[in-house]
Amino acid sequence: MLYAESVIQQSSYIMAKQGIEELADMELATLNPETGEAPEERLRDLASAHNLYTSLRDDDHQSAMNRASIRAMFDGEPPFDEQDLVAANQGDRCNLNFDEAGAILDKAQAGYIDLLNSVPTYISVKTDYGEEIEREEWNSIIADEFTRMVKSWPEYSHRFLLLSSYWLQDGVSFACFDHAYDWKFNVAKFGDFLIPRRTFAAEENIQVACWIREYEAHHLYSFIRNEKTATRAGWNVKEVRKAIIDCSTAKELDNTRGDQWETWQEVAKNNDLYASTMGAPIKVVHSFVREFDGTVSHYIFRENGEGSDFLFKKKSRFENIHQCAVGFTYGQGTNGYYHGIRGLGWRIFSLIQELNVARCQYLDGAKLASSMLIQPRTPQDLEKLSLTYFGPYAVLAPGFDAVPSSIPNFGQNIQPAINELTRLVNDKVGQFSSQAMFSDSRDRTRFEVEASMQQASELSITSLNLFYEPMDRLFREMFRRVQRKNYPSNAKGGEEVAKFRARLEARGVPLEALYEVDLDSVKVTRAVGGGSAASRQMALRELTDLSPAFDVLGRQRLLRDRIASRIGYDSVDRYLPPPEVERIDINEQLAILENNDLVEGHEVPIRPNDPHMIHLPVHIRKLNEFVQDVEERGAPLENVAEPMTAVHAHAVSHLESVQADPLIREDVAFYREALQQIGEIIVRAMLRMEKIRRDAAAQQQAGPDGAAPQQQGEDVEFAAGLRRKLEEHQVKLQMMQRETEAKIAMRIQESQAKSAIADSEAAARIGRPKF
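The present account deals with the structure reproduced in this document. (Residues numbered from 1 in each chain as written. Predicted model: local features only at pLDDT ≥ 70, side-chain atom pairs only at ≥ 80, totals over all residues. Heavy atoms only, no water.)

### Side note on the overall build of the protein
Stated formally: Secondary structure elements follow DSSP: runs of H or I no shorter than four residues count as helices, runs of E no shorter than two count as strands, and numbering proceeds from the N terminus. Throughout, exposure labels follow a simple rule: accessible area from a 1.4 Å probe, protein chains only, divided by the maximum for the residue type, with under 20% read as buried, over 50% as exposed, and the rest as partly exposed. We call two residues in contact whenever any of their non-hydrogen atoms come within 4.5 Å of each other.
When helices and strands are tallied, the protein shows 26 helices and 14 strands. Of all 771 residues assigned to the protein, the portion counted as buried reaches 42%. A fraction of 70% describes how many contacts in the protein between residues 6 or more apart in sequence connect residues 24 or more apart.

Structure (structure tokens):
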């Protein structure tokens, strides 16, 4: 084991050394060989920057060609070049892309699309501010409002889908930030985000990166609109102006004027749309260079290398590489490098191409098999080809012979190859999508379906975990930017951040709770079922069976998840509010009115359709108020004994109506115990009251300040009657408990017996041969 670790460490050292040597060849400044001091900037000048970009682009040329072929397959490009077929006199040959690759990509991406709507909030957070009892509510509100802010960003879903699509196709994609403040990320595919080939697949190993982007003229102009602010930020206003003019036709508008920039500004102010489109997009390169202290410097220059200086330059603009780029990688590939990672496109490319060729040949053979071969006797006969119809007969012109032919059985020759290729494709797709688990139409038992779904969930969860890890880093960086105290309101994304903070304060969350959120605690919310609707339904059904063990909050959240699995979280509040949101319930108000009627001595009947689980806690709260009045405030028991008994009896009747419901077994047990405890308190108080009254009756005769013996006897009998009623209620509660326990035990036995029978029947069906 130690030897293996030593080999791995030595290999890592060699690869890292090779990477350093590769960077040294890219005109990046390195340590002073004599003093060992680090240079102020590793990127010397514009020429070095453009040479670095050119070197990375040339090194990526062959990989770019391969990626282009793979994307052409997904885009529906046919397997043969149409011009080559025409040149070979095969223009009529079938040449179709059956778009199986596109369908596979759509199915594989379906799980990631599901992530957008299958979670209540995109993230979970933990703040260190405030008392512990307040933090849970604040954490929930911060996560909810952050999710609302991200959802309100119109381009979020589009960029998320681009990110997952590039990741699936190539195995690598990047979420990039080109601004120090803006929390909105951009997406770059492999090829637009260039890095040295010997770079380990982790952001902290990226020493230099070049990100290619295109800007419209008005977009680039927006960066320098305020010249003083732009200069302080790092923009070279003069070079940006020159880039805009060179890529537009402004100089053709008025050649007699010397200031072409002034001409362009006038056009932009008068007609911004025309100014934005009158020239080609301006192609630039964002260069991120890691300095020796770990910070990342940011440079922007024109892709064609023109100009005398950088468009933008800011040394150590980012504290680390994570603040400007987050890499999404499907595993580590074969050698641990970014360029060694392969995605779905590479894995299925050759198989899909062969499938397209085989299916085209199959169709060509089918057309040939359904045709009659006719051979002209002379070249001149070919020009006289015609058929003359006489009723049900067709007569061929003279000079032609029908040629009998033996057409191969394409069903026997090609179809097995198509089936085998399809099976291999499904095997390759299985690690990216669970769709292949049910690719055939064979009937399955419930046992087989559940086993297959469990396996499919494991496959999709493996894939999603690889996606969730960089998603955690991406949302952590987004939240870090939103969390900054000095986020300018006029900066990019500043308006949304200001609204986000205002909503937090409106909901009672102090901004200090936002500022003190532990960034390590920011995680993307994992979706139940791993992005599969079928797996989510199965998981929620299993949780429903366990729900009696949940508390009230857990059951309400489970119910919300079940509703959301059908209609989405955007609509679930219409039917069931979140547990943290209080909503006045008319049934709760009715229970309060029933308490008032019971206290006044009125009878309140129990109806079968009453919401018993809503009424019960209201009645028990009223009983607890009576107990507190007697025990803590010293209220005379005789004043509350009768209304307490009435409310207690009414609550027991509610409990009796729901005792057999297995889904609320834990709640029923809780309320039964509460009523038993309250009943015992009342009985003990009644016994004390009876003793006091009897002692008073025995020692005292009727007097001016005392009650008559007859009246005292009536009070004692009244108290004894109430006590007997309460004892009857207590006995009823105990009987209810024993009856419930017996029913539960019986249901468990029945369920186990039914499960054993079902398993034996399923096993018998699986093992039974089909005829």
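### Quick word on the sheet that holds strand β9 (residues 325–329)
Stated formally: Paired strands, in this sense, are two strands between which DSSP finds at least two bridges. Angles here are taken between N-to-C directions and fall from 0 to 180 degrees, while the axes themselves are lines fitted to C-alpha atoms, restricted in helices to the stretch in contact.
Taken in spatial order, the three strands make up an open sheet running β3-β2-β9, and their pairing is antiparallel. Looking at the sheet topology across the chains shown, the edges are occupied by β3 (186–189) and β9. Within the sheet, the average angular offset between the axes of one strand and its neighbour, ignoring direction, is 25°. Bridge count between strand β2 (residues 172–176) and β3: four bridges; the pairing is antiparallel. Bridge pairing links C176 to N186 in β3. Against the sheet, helix α7 (residues 156–170) makes contact with β2, β3 and β9, and its axis sits at roughly 150° relative to β2, the strand it touches most.

### Some points on helix α15 (residues 415–429)
To keep things clear, this is the line we draw: Expected span of a helix, by definition, is 1.5 Å for each gap between consecutive residues, and there is one gap fewer than residues. To obtain the arc, one takes the directions from the helix axis to the C-beta atoms.
Between its terminal C-alpha atoms α15 stretches 21 Å, which fits the 21 Å expected from 15 residues at 1.5 Å a residue. Buried residues of α15: I418, L421, T422, V425 and V429, and no others. Viewed end-on, α15 has its buried residues packed into an arc of 105°, placing them on one side of the element.

### Here's the deal with the packing of helix α3 (residues 61–74) against helix α13 (residues 344–369)
Put simply, the rule is: Take the far helix as your reference; a near helix turned counterclockwise from it by less than a right angle gives a left-handed crossing, and one turned clockwise gives a right-handed crossing. When residue character is reported, Ala, Val, Leu, Ile, Met, Phe, Trp, Tyr, Cys and Pro are called nonpolar, Asp, Glu, Lys and Arg charged, and the others, Gly included, polar.
Where α3 contacts α13, the two axes come as close as 10 Å, and the packing angle between them is 65°. For the element pair α3 and α13, the recorded crossing hand is left-handed. When α3 is examined against α13, the residues S69, I70, M73 and F74 are found in contact with a partner set consisting of G345, W346, I348, F349, I352 and Q353. Grouping the constituent residues of the contact of α3 with α13 by class yields seven nonpolar, three polar and no charged.

### Details of the side chain of R67
Within the secondary structure, R67 sits in helix α3. Since its relative accessible area comes to 8%, R67 is described here as buried. Ignoring sequence-local partners within four residues, the contact set of R67 consists of D60, D170, F190 and G191.

### Overview of a nonpolar patch on the surface
Rules: Each patch is assembled from residues with relative accessible area greater than 30% and no salt bridge, linking like charges that lie within 9 Å and nonpolar side chains (Val, Leu, Ile, Met, Phe, Trp, Tyr) that lie within 5 Å. Methods summary: accessible areas were calculated by the Shrake-Rupley approach with a probe of 1.4 Å, and residue burial reflects only the protein chains presented. Salt bridges are identified by distance alone: a Lys or Arg side-chain nitrogen within 4 Å of an Asp or Glu carboxyl oxygen.
There is a patch of nonpolar side chains on the surface, built from L96, F98 and L363 and spanning about 230 Å² of accessible area. Tracing the sequence through the fold places L96 in the loop between α4 (82–87) and α5 (100–114).

### Quick notes on unusual backbone geometry
In this structure, D99 takes a positive phi of about 60° despite not being glycine. With respect to the secondary-structure elements, D99 resides in the loop between α4 and α5. Phi is positive for S316, which is not a glycine, with a value near 55°. Considering the arrangement of structural elements, one finds S316 in strand β8 (residues 312–318). With relative accessibility at 27%, the residue S316 sits in the partly exposed group.

### Focus on the pattern of salt bridges
Counted under the stated rule, the structure contains 28 salt bridges. Salt-bridge contacts for D60 lead to R67; the nearest nitrogen and oxygen are separated by 2.5 Å. Note on accessibility: D60 and R67 belong to one class, buried. One salt bridge connects R159 with E155, and the closest N-O pair in it is separated by 2.7 Å. Three or more residues are tied together by salt bridges with common partners; here these are D144, E145, R148, R503 and R507.

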